[in-house]
Amino acid sequence: MNIEFAPSAQSTLGVEWELALVDGQSGELVSAASEVLRNVAAGHPELKDDDEHPHIKQELLLNTVELVTGICTSVEQAKGELSDALTAVRDVTDPMGVELFCAGSHPFAAPRSQPVTDKERYAKLIDRTQWWGQQMVIYGVHVHVGLDHRDKALPVLDGLVNYFPHFQALSASSPFWGGEDTGYASQRALMFQQLPTAGLPFQFPAWANYEDYVQDMFNTGVIDTLSEIRWDVRPVAALGTIEMRICDGMSSLQDVGAIAALTQCLVDEFSTVLDDGWAIPTMPPWHVQENKWRAARYGMEAIVILDGAGKEKLVTEHLREDVLNRLEPVAKKLGCSNELADVEKIIERGAGYQRQRRIAAENDGDLRAVVLDVVRQMRGEA
């Protein structure tokens, strides 16, 4: 199989932000996406019947809408496009009494009671995956970064996998599931990997090996389209990007921008390493797998493995003492210094899972208060 990698300008950016629709009083999920999308499209007479809004999309569940940017040259531009899309959604949802919520999971919703969008590919997914597929009441943030050459895709993927626990810890916001505290910072991380072809990516030495893998997936009926490979980090050949899909949903545009900046800076750094003729260090798959579990379990308190020799460090210390300082010149070049600095703010105030547990404790375990607190964060009121 020959998989063409589309031309893309190095380090251009695209961001996807999955949002849940909730009742403004009860905090319950509301399956109103079809109505919301229809009304959003109605405000754009240039759109034909069945045309999607360019920046507001349908998702698996009817309680979800996804905001997406176009191809951006900076994180600031991406944040601006997301902000405009958010405003367009609120113009529709506010009169409905519907609020927007974003975290890795909804704290108390019954997963199997959530209606699925009426599309063949979604019906097929649920039919195949059964109980696990019916649990996917989860929300995330995805960041695409452009690569100027196909042969950079897999080495850059390997490089981003080394930072899996950093992204997971910063974004972890799904401690509750079906009304219970799971004891994990990110239940979403472990839930999503139950789908076929989801979870950590395989690491291939060359693009041809990746093409062989994809061909095998088609031959054996595992996938019908390339997009059904749902790795936590994956090449997107049709767009000419590497896509970082690790993160739980985040409840502010500032935090989404911070994650986007960290992704863009790392990918640009890796690209420069390759341009200079060097290799990107990798870790054994068992170290990568352990790091994912540690970050999902302990979040900001995860002690992560840094290299093949087994060196370890608290994830927040590694971010502060090594990663952010090292990336400052890259951020300056890309114009995202302020957004990269916002990573430090997440570390200082804590991740979403920590705040959710605090709000729950302050309200005698009432998880409705947790949802409404996230709603206020989404509005910039908390």
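Residue numbers restart at each chain and count upward from 1, following the sequence in its written direction. In keeping with the model being predicted, local features are shown solely for residues with a pLDDT of at least 70 and side-chain atom pairs are shown and tallied solely at 80 or more, while totals for entire chains, interfaces and linings include all residues. In computing side-chain properties, one takes all heavy atoms of the structure into account and sets aside hydrogens as well as water.

*Asks:* If you had to explain the packing of aromatic side chains to someone new, which residues and values would you point to?
*Replies:* Two measures describe an aromatic ring pair: the distance that separates the ring centres and the angle between the ring planes. Any two of the Phe, Tyr and Trp rings considered here, Trp counted by its six-membered ring, make a pair once their centres fall within 6.5 Å; the pair's planes then place it as stacked at under 30 degrees, edge-to-face at over 60, or tilted in between. Applying the stated criterion across every chain yields a total of 13 aromatic pairs. The interplanar angle of 90 degrees and the centroid separation of 6.2 Å between the aromatic rings of Y184 and W293 together place this pair among those described as edge-to-face. Taken together, the positions of Y184 in the loop between strand 7 (180-181) and helix 6 (187-192) and W293 in helix 9 (residues 285-298) put the pair 109 residues apart, joining distant regions of the chain. Judged by its relative accessible area of 21%, Y184 is partly exposed. These aromatic residues form a ring-pair network of at least three members: F5, F202, F204, W207, Y210, Y213 and W231. Distance and angle both matter: a charge sits over a ring if NZ of Lys or CZ of Arg is within 6 Å of the ring centre and within 35 degrees of the ring normal. Lying over the aromatic face of Y184, R297 brings its terminal NZ or CZ to 6.0 Å of the ring centre. The helix count covers DSSP runs of H or I at least four residues long, the strand count covers runs of E at least two residues long, and both are numbered beginning at the N terminus. Accessibility here uses a 1.4 Å probe with only protein chains present; expressed as a share of the type maximum, an area under 20% marks a residue as buried, one over 50% as exposed, and anything in between as partly exposed.

*Asks:* Can you lay out the pairing of strand 5 (residues 140-146) for me, pointing to particular residues and giving the numbers?
*Replies:* Across the seven residues of strand 5, seven count as buried, placing the element largely inside the fold. Of the strand pairs in this sheet, strand 1 (residues 13-23) and strand 5 are connected by five bridges, and their pairing is antiparallel. Across the sheet, residue V15 finds its bridge partner in strand 5, namely V143. Examined bridge by bridge, strand 5 and strand 11 (residues 241-248) share six bridges and lie antiparallel to one another. Opposite H144, over in strand 11, you have E243 as the bridge partner. For two strands to pair, DSSP has to find at least two bridges joining them.

*Asks:* With reference to specific residues and values, describe empty space enclosed by the protein.
*Replies:* One simple way to see leftover space: roll a probe sized like a water molecule over the atoms. In this analysis a 1.4 Å probe is tested at points of a 1 Å grid over the protein atoms alone, and where it fits but cannot get out there is a cavity; an open set with protein on both sides within 12 Å along at least five of seven lines is a pocket; lining residues have an atom within 4 Å of a point. Grid points are joined across faces, edges and corners, and a volume is the space filled by probe spheres set on the points. Evaluation of the coordinates by the stated rule reveals one cavity of 30 Å³ or more. If you go around the largest cavity, the residues you meet are F164, Q168, R188, A189, F192, D232, R245, I246 and K292. Sort the elements by how many residues they give to the lining of the largest cavity and helix 6 lands first, with three residues. Each residue gets one label: Ala, Val, Leu, Ile, Met, Phe, Trp, Tyr, Cys and Pro are nonpolar, Asp, Glu, Lys and Arg are charged, and the others, such as Gly, are polar. Its residues placed into classes, the lining of the largest cavity shows four nonpolar, one polar and four charged.

*Asks:* Let's hear about the packing of helix 2 (residues 75-96) against helix 8 (residues 253-275): which residues, and what values?
*Replies:* Axis definition: a line fitted to C-alpha atoms, limited for helices to the stretch in contact. Angles are taken between N-to-C directions and run from 0 to 180 degrees. It is at 10 Å that the axes of helix 2 and helix 8 come closest, and there the two elements cross at 145 degrees. When you trace helix 2 past helix 8, the crossing you get is right-handed. Counted together, V75, K79, L82 and S83 of helix 2 and L253, Q254, V256, G257, A260, A261 and Q264 of helix 8 form the full contact between these two elements. Grouping the constituent residues of the contact of helix 2 with helix 8 by class yields six nonpolar, four polar and one charged. Each crossing is labelled by how the near helix is turned from the far one, with a counterclockwise turn of less than a right angle marking it left-handed and a clockwise turn marking it right-handed. A contact between two residues is defined here by any heavy atoms of the two lying within 4.5 Å.

*Asks:* Describe helix 10 (residues 315-334), naming the residues involved and giving the relevant values.
*Replies:* With 20 residues, helix 10 ought to run about 28 Å at 1.5 Å a step, yet its terminal C-alpha atoms sit only 25 Å apart, falling short of that. Here helix 10 has its buried residues at V315, T316, H318, L319, V323, L324, L327, V330, A331 and L334. The secondary structure elements touched by the buried residues of helix 10 are helix 5 (164-171), helix 8, strand 12 (303-305), strand 13 (312-314) and helix 11 (337-349). Positive phi appears at G335, one or two residues downstream of helix 10, with a value of about 80 degrees. Given the number of residues in a helix, its expected span is that number minus one, multiplied by 1.5 Å.

*Asks:* Give a description of the packing of helix 5 against helix 10 that names residues and reports values.
*Replies:* Look at helix 5 against helix 10: their axes get within 10 Å of each other, and the N-to-C directions meet at 115 degrees. One element, helix 5, and the other, helix 10, form an angle in the roughly perpendicular class. Read as a crossing pair, helix 5 and helix 10 show a hand that is left-handed. Along the contact surface, helix 5 presents P165, H166, A169 and L170, while helix 10 presents V315, H318, L319 and V323. Looking at the contact of helix 5 with helix 10, its residues break down into six nonpolar, two polar and no charged. An angle below 35 degrees is treated as roughly parallel, one above 145 as roughly antiparallel, one from 65 to 115 as roughly perpendicular, and anything else as oblique.

*Asks:* A description of helix 5 should follow, citing residues and the corresponding values.
*Replies:* Within helix 5, eight of the eight residues are buried, which leaves the element mostly enclosed by the surrounding structure. For helix 5, the complete set of buried residues consists of F164, P165, H166, F167, Q168, A169, L170 and S171.

*Asks:* Give a description of the pairing of strand 11 that names residues and reports values.
*Replies:* Counted residue by residue, strand 11 has eight buried out of eight residues, so it is predominantly covered. Here four bridges tie strand 10 (residues 233-236) to strand 11, and the two strands are oriented antiparallel to one another. Within the sheet, the bridge partner assigned to P235 lies in strand 11 and is I242. Linking strand 10 back to strand 11 in an antiparallel pair, the connection comprises four residues, with G240 at a positive phi of about 70 degrees.

*Asks:* Got a sec to walk through the pattern of salt bridges? Specific residues and values, please.
*Replies:* Salt bridge, as used here: a side-chain nitrogen of Lys or Arg that lies within 4 Å of a carboxyl oxygen of Asp or Glu. Taken as a whole and assessed by the stated rule, the structure comprises 23 salt bridges. For E243, the salt bridge identified is with R245, shortest N-O distance 3.4 Å. Each of the two residues, E243 as well as R245, counts as buried. Of the charged contacts in the structure, one is a salt bridge between D342 and K345, with a shortest N-O distance of 3.2 Å.

*Asks:* Which residues make up the side chain of S186, and what are the values?
*Replies:* Within the fold, S186 resides in the loop between strand 7 and helix 6. Assessed through its relative accessible area of 0%, S186 is described here as buried. By the criterion applied in these results, polar contacts are pairs of N or O atoms within 3.5 Å in which, for protein atoms, one can donate a hydrogen and the other can accept it, and in which residues neighboring in sequence qualify only through two side-chain atoms. Within the structure, the side chain of S186 is placed 3.2 Å from the side chain of Q168, a separation counted as a polar contact. Polar contacts involving the side chain of S186 include one to the side chain of D248, which spans 2.9 Å.

The values are spatial; any link to function lies outside them.
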